[in-house]
Amino acid sequence: MENLARGVLGIPPGRTIVRELDIAIAEHNDTMTGAQRMTFAYGVDFGTSNSSVGICDAAGPHLLPIQNGATSVPTALFFSFDDDSTTFGQEALERYFQRESGRYLRAIKSVLGTKLFEETTQVQRKRYGFSEIVAAFLRFLRSAAGDNLTAPPTSVVLGRPAFFVDDDPEADATAERQLEAAARAAGFERIAFQFEPIAAALDYEQSVNSEQIAFVADIGGGTSDFSVVRVSPERARSSDRRQDILGFAGVHIGGTDFDRQLALARVMPALGLRSPLRRKGMNAPLRYFHDLATWHRIGFLYDPNVLTEVRGVLRDSAEPERIKRLLAVLEQRKGHELLAAVESAKIELSQADLATLDLVDCALDICLQITRTQLEATVASSLHRIRSRIDDVLRMAGLTPDAVSAVFLTGGATRMPFVQQTIAAAIPNGRLIAGDVFGSVAKGLALDAAMRFADQ
Ligand SMILES: Nc1ncnc2c1ncn2[C@@H]1O[C@H](COP(=O)(O)OP(=O)(O)OP(=O)(O)O)[C@@H](O)[C@H]1O
Ligand SMILES: [Mg+2]
């Protein structure tokens, strides 16, 4: 497993693998069942789109209510300009959609390990660093989930994707350090990490009644993460699972990428993407459209300097009607609302063959029909990368697809029919099992936390 971890994570031989700890889980608490592993430690699934908190008590691993009884909340913050307050989760989303004036932030996990993390974001007269923003959100999760406990725990197992950043081990390690520092600032003292697809496997294992080789797919907002794990009720009692984790890996593709691809393909051309400037051979700069289609970059477009630039593009444009739409969205700060409408159409297409994308509320005179086939064609290259990562994981595990008997699905994007078909095509004989889409990872992290922090 050590070599596998080095291979999977791209860590050069000789360098300490902090992640071994993650895989080893704990060395004590050997033969307890989930229900017996009582501890006062959280499992926190800080997701790109949604976050959850789990705990393991006498009833076994379960999710804690965070806001109005909801156990999964949007990973969102809202800085109000009206009353200077900061709100989180569902409340942040509601205040943004009620058109309160302020600054809305989504997908902050995507900033970990990137250059953007060092930048600050302007909120009224104050500038906030992303370290403070991530810490504030974790502090909110810690205290909101602790409302029904005597006090919020100070020990936590945080989930992490196989890769925060693809093909850059150094940036990936930086991302983990940034998240750890934010957790410390949020009041956690003992902090450990576990891979999200391993946590999901631990959750799935709670429901099996015989030994099997399971392929776990966790496809969320930011990443697709996979593991191949030998699971059984007996093995679930052991704390050292190194021999049972046959492979794990991931790729930085998730639902937010599908949103971006759909927005760029269907909406942005009407806002001036690839529209000509009056200077021959030049088009409107791509970056505005790219940022407007990328959840964690939208806020940067509201910077007064950017607005001035876009007004300049409008003056130079040979097709000003299109650029005027872009400017209207930016001036009225409708970027997140626009991308949320695209996301809703994407989600609708998991159930229906046709969805209507009406952007009238986003300062735009645009109403489109999108078919599931069109969405599938738009995201085809991502599906291809997901498929090849699945093949890689099976190869790492030294298994042919028919050695896998169960395919456990978690993460919102696994609801998409063509994502399921992509996984099923790679593992044709595996039985597809729909997990708790938004809760499996946090429950698995809670189980892990109970084993690790048993002495707490
Ligand atoms: N029914 C659905 N059909 C298609 N996509 C969906 C559906 N429900 C949710 N999604 C998408 O799933 C994503 C969120 O899933 P999830 O909450 O599992 O991600 P996350 O845990 O926040 O992200 P990550 O694990 O990648 O950090 C979003 O992109 C959302 O649009
Ligand atoms: Mg997730």
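In short, a report on the structure. (Residues numbered from 1 in each chain as written. Chains lettered and ligands numbered in written order. Predicted model: local features only at pLDDT ≥ 70, side-chain atom pairs only at ≥ 80, totals over all residues.)

**Examining the overall build of the protein chain**
Worth spelling out the cut-off: Only DSSP runs of H or I with at least four residues qualify as helices, and only runs of E with at least two residues qualify as strands; both kinds are numbered from the N terminus onward. The reference for a compact globule is 2.2 Å times residues^0.38; the radius of gyration itself is calculated from the C-alpha atoms. Put simply, a residue is buried when 20 or more other C-beta atoms lie within 10 Å of its own C-beta and exposed when 12 or fewer do; between those, it is partly exposed, and each C-beta is set from the backbone.
Helix and strand counts for the protein chain come out as 15 helices and 18 strands. Here the protein chain has a C-alpha radius of gyration of 22 Å; the compact-globule value for 456 residues is 23 Å, and the two agree. Among the 456 residues that make up the protein chain, the fraction classed as buried is 48%.

**Focus: the sheet that holds strand β7 (residues 102-106)**
Rules: Any two strands with at least two DSSP bridges between them are considered paired. Axis geometry follows a simple rule: fit a line to the C-alpha atoms, using only the stretch in contact for helices, then measure angles between N-to-C directions, giving values from 0 to 180 degrees.
Pairing in this open sheet of 3 strands is antiparallel, and the strands run β6-β5-β7 from one edge to the other. Lying at the two open borders of the sheet, with one neighbouring strand each, are β6 (86-88) and β7. Each strand axis lies, on average, 15° off the axis of its neighbour in the sheet, ignoring direction.

**With respect to unusual backbone geometry**
At Asp167, a position not held by glycine, the phi torsion is positive, near 55°. Mapped onto the elements, Asp167 comes out in the loop between β10 (155-160) and α5 (169-185). Residue Asp167 is classed as exposed on the basis of its 10 C-beta neighbours within 10 Å. Even without glycine at this site, Arg274 takes up a positive phi of about 65°.

**Focus on the packing of helix α13 (residues 380-397) against helix α14 (residues 417-426)**
So the rule is basically this: Here a crossing is taken to be left-handed if its near helix is turned anticlockwise relative to the far helix by less than a right angle, and right-handed if that turn runs clockwise. Placing a C-beta atom from the backbone of each residue, one calls two residues in contact when those atoms lie within 7 Å. Polar here means any residue outside two lists: the nonpolar Ala, Val, Leu, Ile, Met, Phe, Trp, Tyr, Cys and Pro, and the charged Asp, Glu, Lys and Arg; Gly therefore counts as polar.
At a minimum axis separation of 10 Å, α13 and α14 run at an interaxial angle of 30°. Viewed along their axes, α13 and α14 form a crossing whose handedness is right-handed. Counting all contacts with α13, which are made through Leu383, Ile386, Arg387, Ile390 and Asp391, the residues of α14 involved are Phe418, Thr422, Ile423 and Ala426. Residues of the contact of α13 with α14, tallied by class, amount to 6 nonpolar, 1 polar and 2 charged.

**A short note on the site of ligand 1**
What counts is decided by this rule: Residue proximity rests on one test: whether the C-beta atom, placed from the backbone, lies within 6 Å of the molecule or strand.
The immediate surroundings of ligand 1 are formed by 23 residues, with Gly47, Gly220, Gly255, Gly412 and Arg415 found nearest. Looking at the shell around ligand 1, the elements with two or more residues in it are α7 (255-267) and α11 (335-348). Considering each element in turn, the shell around ligand 1 owes the most residues, 3 residues, to α11. The residue makeup of the shell around ligand 1, split by class, is 4 nonpolar, 14 polar and 5 charged.

**Digging into the sheet that holds strand β17 (residues 406-410)**
Strand order in this open sheet of 5 strands is β14-β13-β12-β17-β18, and the pairing throughout is mixed. The open sheet has two edge strands with one neighbour each: β14 (245-251) and β18 (431-434). Pairs of neighbouring strands in the sheet enclose a mean axial angle of 20°, with direction left out of account. Here β17 pairs with β18 via 4 bridges, running parallel. Residue Phe408 lies in a different strand from β18, and its bridge partner there is Ile433.

**Describing the packing of helix α9 (residues 304-316) against helix α10 (residues 320-331)**
When two helices pack together, their arrangement is given by the angle between their axes and by how far apart the axes lie. Put simply, the test is: We call two directions roughly parallel when the angle between them is under 35 degrees, roughly antiparallel when it is over 145, roughly perpendicular when it lies between 65 and 115, and oblique otherwise.
Their axes nearest at 9 Å, the elements α9 and α10 cross at an angle of 165°. Judged by the inter-axis angle, α9 sits roughly antiparallel to α10. Considering only the axes of α9 and α10, their crossing is left-handed. Across from Leu307, Val310, Arg311, Val313 and Leu314 in α9, the residues of α10 making contact are Pro320, Ile323, Lys324, Leu326, Leu327, Leu330 and Glu331. Tallied by class, residues from the contact of α9 with α10 come to 9 nonpolar, no polar and 3 charged.

**Re helix α4 (residues 130-145)**
Threshold: To estimate how far a helix should extend, the number of its residues minus one is multiplied by 1.5 Å.
Its 16 residues give α4 an end-to-end C-alpha distance of 22 Å, which sits within 8% of 22 Å, the value for a rise of 1.5 Å per residue. The complete set of buried residues in α4 reads Phe130, Ile133, Val134, Ala135, Phe137, Leu138, Phe140, Leu141, Arg142 and Ala145.

**So, the nonpolar core**
Here is the rule we go by: As used throughout, a nonpolar core is a set of buried Ala, Val, Leu, Ile, Met, Phe, Trp, Tyr and Cys residues joined through C-beta atoms within 7 Å of each other.
Counting residues in hydrophobic clusters, the biggest one holds 128 residues, and the most contacted among them are Val216 and Ala449. At 9 residues, the largest contribution of residues to this core is made by α4. Ignoring anything within four residues of it in the chain, the contact list for Val216 reads Pro197, Ala200, Ala201, Tyr204, Phe226, Ser227, Val229 and Phe408.

**Topic: the environment of Leu271**
Looking at the secondary structure, you find Leu271 in the loop between α7 and α8 (287-292). Taking C-alpha positions, Leu271 is 51 Å from Val208, a pair spaced 63 residues apart along the chain. In this structure, Leu271 is in contact with Phe289, Arg322, Arg325, Leu326 and Val329, ignoring residues within four places of it in sequence.

**Topic: the environment of Asp147**
By secondary structure assignment, the location of Asp147 is in the loop between α4 and β10. Classification of Asp147 as exposed rests on a count of 11 C-beta atoms within 10 Å. For Asp147 and Gln206, which are 59 residues apart along the polypeptide, the C-alpha to C-alpha distance reads 27 Å.

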